[in-house]
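# Structural overview for review
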Amino acid sequence: MLTKRKALFLSLVFLSQLAFSQPRTEIELADNWKFQKGSNDLAWQKVFNDKKWQTVSVPHDWAIYGPFDKEVDKQVVAIEQNGEKVASEKTGRTGALPYIGQGWYRKSFTLPQYKAGQKVLIVFEGAMSEPRVFLNGQKVGEWNYGYNYFYFDITNAVSVGKENTLAVQLNNVGLSSRWYPGAGLYRKVRIIVKNPTSVDQWGTYITTPFISATTAKVNIKTKISGINPRVQTYILNAKGDTIASDKTQALFGNQFEQNIAVSNPQLWSPETPYLYTAVTQLYEGNELKDETSTRFGIREISYKPNVGFSLNGKVRKFKGVCLHHDLGPLGSAINVSALRRQLRILKDMGVDAIRSSHNMPSIEQLELCDEMGFMFLAETFDEWAKPKVKNGYNRFFNTDAEKDVVNLIHATRNHPSIIMWSSGNEVPDQWGAEGVKRAKWLQDIFHREDPTRPVTVGMDQVKATMASGFGALLDIPGLNYRTHLYEDAFKAFPQGFILGSETASTVSSRGVYKFPVVKAIEKQYPDHQCSSYDLEYCSWSNLPEDDFILEDTKPWVMGQFVWTGFDYLGEPTPYDNLWPARSSYFGMVDLAGIPKDRYYLYRSKWNTSSETLHILPHWNWHGREGQVAPVFVYTNYDSAELFINGKSMGVQKKNPSTAQSKYRLMWMDVKYEPGTVRVVAYDKNGKTAAEKTVVTAGKSYKLVLDPDRTEIKADGKDISFVTVSVVDEKGNPCPTATNQLQFTVTGNGSYRAACNGDATSLEQFHVPSMKLFSGKLVVLVQSGTSAGDIKLLVKGKGLVDGNVVLKSK
């Protein structure tokens, strides 16, 4: 029986270097890479001199350092999926950052105790883009899709006991994306050394085909290489205790199959994200040849007509958001602390599902969703054979789509968070018979490789898909917007349910409010901002309430994935034809990770365990005295009373007279006067349940620093996100402050970046100075590799300094 102590040891993975006495060694190639942007005809050679190149760590995004430039990837196009008929100049569509061009990465490494006859793989979890990989001057492989995971067998190219030189060429062409793609080795690179008799890469496939209150059947398929091995599998609970095991020598082709009973299973869900671990040991005789650990969850998913989605036998609707892959000021370079912060903020909003739009997710994002409890819609492509942009994935679809899908499935299928696949988003192939054939072909690949999960496509050409049969053949018909067609689609499609695969696309700028307060479509203002009264949207989209009503009144609507959870780099609608504008306005949380007002509208509906009482706008309107300044309240209470300087403005109750009044409390005729706004919320019995105030702030006085964590790991990667704000002498937030600030980090850490959430700002993230936007910004402080104190000092002219001491351990 495997002991708890040994089980915990066996479960350790992704260490930078394990002792080679182990049957399998994994080495992450993270530090001391050499990088240079630009073409080079000789950089593939082993003897090439790269000493003058920049030294970087991987994951790395070369483009995020800027500068922002209007001319980068300027596109003159008509965006057909947005209903545009006439081409116009689009600036900032891909973030206005210098991702275009070639880049080279070089890295030296040794395998000092590599045993003759062992197999060596190199694994890339993403490389943007079109990587060509060379080892010791020999080309070992190439890939095209920048969002895909891939690996090469480098056994015949690696040198034993000598220094090896890895060189990776990347090439990003213009007109290849609709958003900021990033550039470089932006996800992990690993070396795996193992015996010839071993578990194949991504060779373990775990499902739970039977679940009851007392027993779960865990089916484990293990593909291997080798002659006459036997397999021993242990299942560990979350504490590391062995709770079940099985061994077999029955090999079918190159695959073992085991069915292991787990008693009294703890089911995985967003509320209880319980994880088990399967430890697989491969033997030849009595000699251990390989050992792998695979985390998994026990859970049951189902999709039924007129019922929708069920998890573990309980019907539920997705409270989901779409996320692009960039991490704001970090660009596309993966960072676990940034991902965890994103998910923590979304969890508090009540989100229970994520859609990776419109690309394959990182392994780290899936691991965190497993741990923190988020269901996941894993997407593959933004294009098939027909282009949206000239040099997009359409160039590779016919030759690469199948292998890219297979790699996605094999690399990620054991994550319990994944409850659905998406084979495409708003693909132009929705029109015509060829598109129907492609949809079926892709769906068949998913079914072949993973028959346990359904497949969807985010469809925006709904009438075309109803006419062609495209939507009817999908496991899950996903509608992007088109709320007016939900009823028609439900009647036309045979599945008996509809998924809001992409919804809302309401636009707003944090802390910015425009008057008069009216609904507006693609409204533009001289300052290139959008109003946070949350009544502005796009010609092809809608307001949040339209989706709320559908999911509340139609049992066959399975919920939604809102566009978007966070703002992202690129696609600055409705200002994609005006400069400066270089990032989106769609997010419920801005690019810095600071919630907008709209965050609290969704929170008031989705977070059913916590109180929400949020007032907007701010109450600093010098020069608007006596003019109308409507007050909105987002709350999970049904009614509230508004007071301005102690005078009641009346009680408002949620009511179905309009879509907005059903979910918001609105006092439309309030006239501005400086002072105090107070809201008293009432429960269903009319008793006071909660109160909140907003006051007119005085002159900016001092800086206040609020870190998301005061203790971080001394691993050179962990980050504390410090929100910086300005208050007056009484401690009241100053919501209109735009002071220029400077940042200094001393001790065992460093300044990493800053972001203020302003989509029009051209300040570079890595420069230690930035203006406040609507009174706030966020500073990213990164740990070093030694434990100790890290001090952040923030200064601004005329303001009392702010400082905070962080601990790295």
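Remember, it's a predicted structure, so these values are computed and weren't measured experimentally.

## A look at the overall build of the protein
- Of the regular secondary structure elements, the protein holds 10 helices and 49 strands.
- On C-alpha atoms alone, the protein measures out to a radius of gyration of 27 Å, which is about the 28 Å that the 2.2 N^0.38 rule sets for 809 residues.
- Here the C-alpha coordinates of the protein stretch approximately 85 × 60 × 55 Å along the principal axes.
- Residues classed as buried in the protein amount to 61% of the 809 residues present.
- Considering only contacts in the protein between residues 6 or more positions apart, those separated by 24 or more positions represent 69%.
- When the accessible surface of the protein is totalled, it reaches about 30300 Å², and 49% of it is carbon and sulfur.

## Quick word on the side chain of glutamine 430
- Among the structural elements, glutamine 430 can be located in the loop between β27 (418-425) and α5 (433-449).
- Using a relative accessible area of 0% as the deciding quantity, one classes glutamine 430 as buried.
- Here the side chain of glutamine 430 touches aspartate 460 through a polar contact of 2.7 Å, side chain to side chain.
- Setting aside anything within four residues of it in sequence, one finds glutamine 430 in contact with Met459, Asp460, Gln461, Ala464, Thr465, Ser468 and Phe470.

## Side note on the pairing of strand β35 (residues 631-635)
- Taking burial as the measure, the five residues of β35 include five buried ones, the bulk of the element.
- The side-chain alternation of β35 yields two buried faces, one formed by Val631, Val633 and Thr635 and the other by Phe632 and Tyr634.
- Taken together, the four bridges between strand β34 (residues 613-616) and β35 define a ladder with antiparallel strand orientation. For leucine 613, the partnering residue across the bridge sits in β35 and is threonine 635.
- As judged from the three bridges shared by β35 and strand β38 (residues 665-667), these two strands associate in the antiparallel manner. Each residue of the ladder has a partner; that of phenylalanine 632, found in β38, is methionine 666.

## Topic: the sheet that holds strand β1 (residues 24-28)
- Pairing is antiparallel in the open sheet, where four strands are placed in the order β1-β12-β7-β10. The outermost strands of the open sheet, each flanked by one partner alone, are β1 and β10 (150-153). For this sheet, the mean angle separating the axes of adjacent strands, direction not counted, is 20 degrees.
- Sheet topology places strand β7 (residues 119-124) next to strand β12 (residues 189-194); six bridges connect them, and they run antiparallel. Each residue of the ladder has a partner; that of lysine 119, found in β12, is lysine 194.

## Describing the pattern of salt bridges
- For the structure shown, the criterion picks out 43 salt bridges.
- Among the salt bridges present, the one from glutamate 545 reaches arginine 664, with a minimum N-O distance of 2.4 Å. Of this pair, glutamate 545 sits in helix α9 (residues 544-553) while arginine 664 sits in the loop between β37 (647-653) and β38, and the two are 119 residues apart along the sequence.
- Glutamate 691 is the salt-bridge partner of arginine 678, the closest N and O atoms lying 3.2 Å from each other. Taken together, the residues span a long stretch of sequence, with arginine 678 in strand β39 (residues 676-682) and glutamate 691 in strand β40 (residues 688-695) at a distance of 13 residues.

## As for the confidence of the model for the protein
- Scored by pLDDT, the protein comes out at a mean of 95, with 97% of its residues at no less than 70.
- A low-confidence stretch, residues 1-20 (pLDDT under 50), is modelled with 44 contacts involving residues beyond four sequence positions or located in other chains.

## Quick notes on the packing of helix α2 (residues 336-349) against helix α10 (residues 597-606)
- Relative to each other, α2 and α10 sit at 55 degrees, their axes nearing to 8 Å. Accordingly, the angle class assigned to the pair α2 and α10 is oblique. On α10, the residues touching Ile345, Asp348 and Met349 of α2 are Tyr599, Tyr602, Arg603 and Trp606.
- Partitioned by chemical class, the residues of the contact of α2 with α10 number five nonpolar, no polar and two charged.

## Comments concerning the packing of aromatic side chains
- In the structure shown here, the tally under the stated rule is 45 aromatic pairs.
- With a centroid separation of 5.0 Å and an interplanar angle of 75 degrees, the aromatic rings of tyrosine 599 and tyrosine 600 are classed as edge-to-face.
- A connected cluster of aromatic rings, assembled from ring pairs, spans Tyr145, Tyr147, Phe381, Trp384, Tyr393, Phe396, Phe397, Trp441 and Phe470.
- The residue whose ring lies beneath lysine 347 is phenylalanine 374, and the NZ or CZ to ring-centre distance is 4.7 Å.
- The side chain of arginine 678 reaches across the aromatic face of phenylalanine 643, ending 4.5 Å from its centre.

## Points about helix α3 (residues 363-372)
- Within α3, eight of the 10 residues are buried, which leaves the element mostly enclosed by the surrounding structure.
- Downstream of α3 by one or two residues, glycine 373 has phi in the positive range, about 90 degrees.

## Digging into the sheet that holds strand β29 (residues 476-480)
- An order of β24-β25-β26-β27-β28-β29-β30-β33 is seen for the eight strands of this closed barrel, with the pairing classed as parallel. Strand-to-strand twist in this sheet, taken as the mean axis angle between neighbours without regard to direction, amounts to 25 degrees.
- As defined by bridge partners, β27 adjoins strand β28 (residues 455-459) across three bridges and the pair is classed as parallel. Bridge assignment links asparagine 425 to a residue of β28, and that residue is glycine 458.
- Strands in contact with α5 are β27 and β28; relative to β27, the strand with the most contacts, it is inclined by about 155 degrees.

Rules of the game
- Residues numbered from 1 in each chain as written.
- Predicted model: local features only at pLDDT ≥ 70, side-chain atom pairs only at ≥ 80, totals over all residues.
- Heavy atoms only, no water.
- Helix = DSSP H or I, 4+ residues; strand = E, 2+ residues; numbered from the N terminus.
- Rg over C-alpha atoms; globule rule 2.2 N^0.38 Å.
- Buried < 20%, exposed > 50% of the residue type's maximum accessible area, 1.4 Å probe, protein only.
- Contact = heavy atoms within 4.5 Å.
- Areas by Shrake-Rupley, 256 points an atom, 1.4 Å probe, with all protein chains shown as cover.
- Polar contact = N/O pair within 3.5 Å; in protein donor to acceptor, adjacent residues only side chain to side chain.
- Pairing = 2+ DSSP bridges.
- Axes fitted to C-alpha atoms, helices over the stretch in contact; angles between N-to-C directions.
- Salt bridge = Lys/Arg side-chain N within 4 Å of Asp/Glu carboxyl O.
- pLDDT = per-residue confidence, 0-100.
- Parallel < 35°, antiparallel > 145°, perpendicular 65-115°, else oblique.
- Nonpolar A, V, L, I, M, F, W, Y, C, P; charged D, E, K, R; others polar.
- Phe/Tyr/Trp six-rings, centres within 6.5 Å; stacked < 30°, edge-to-face > 60°.
- Lys NZ or Arg CZ within 6 Å of the ring centre and 35° of its normal.

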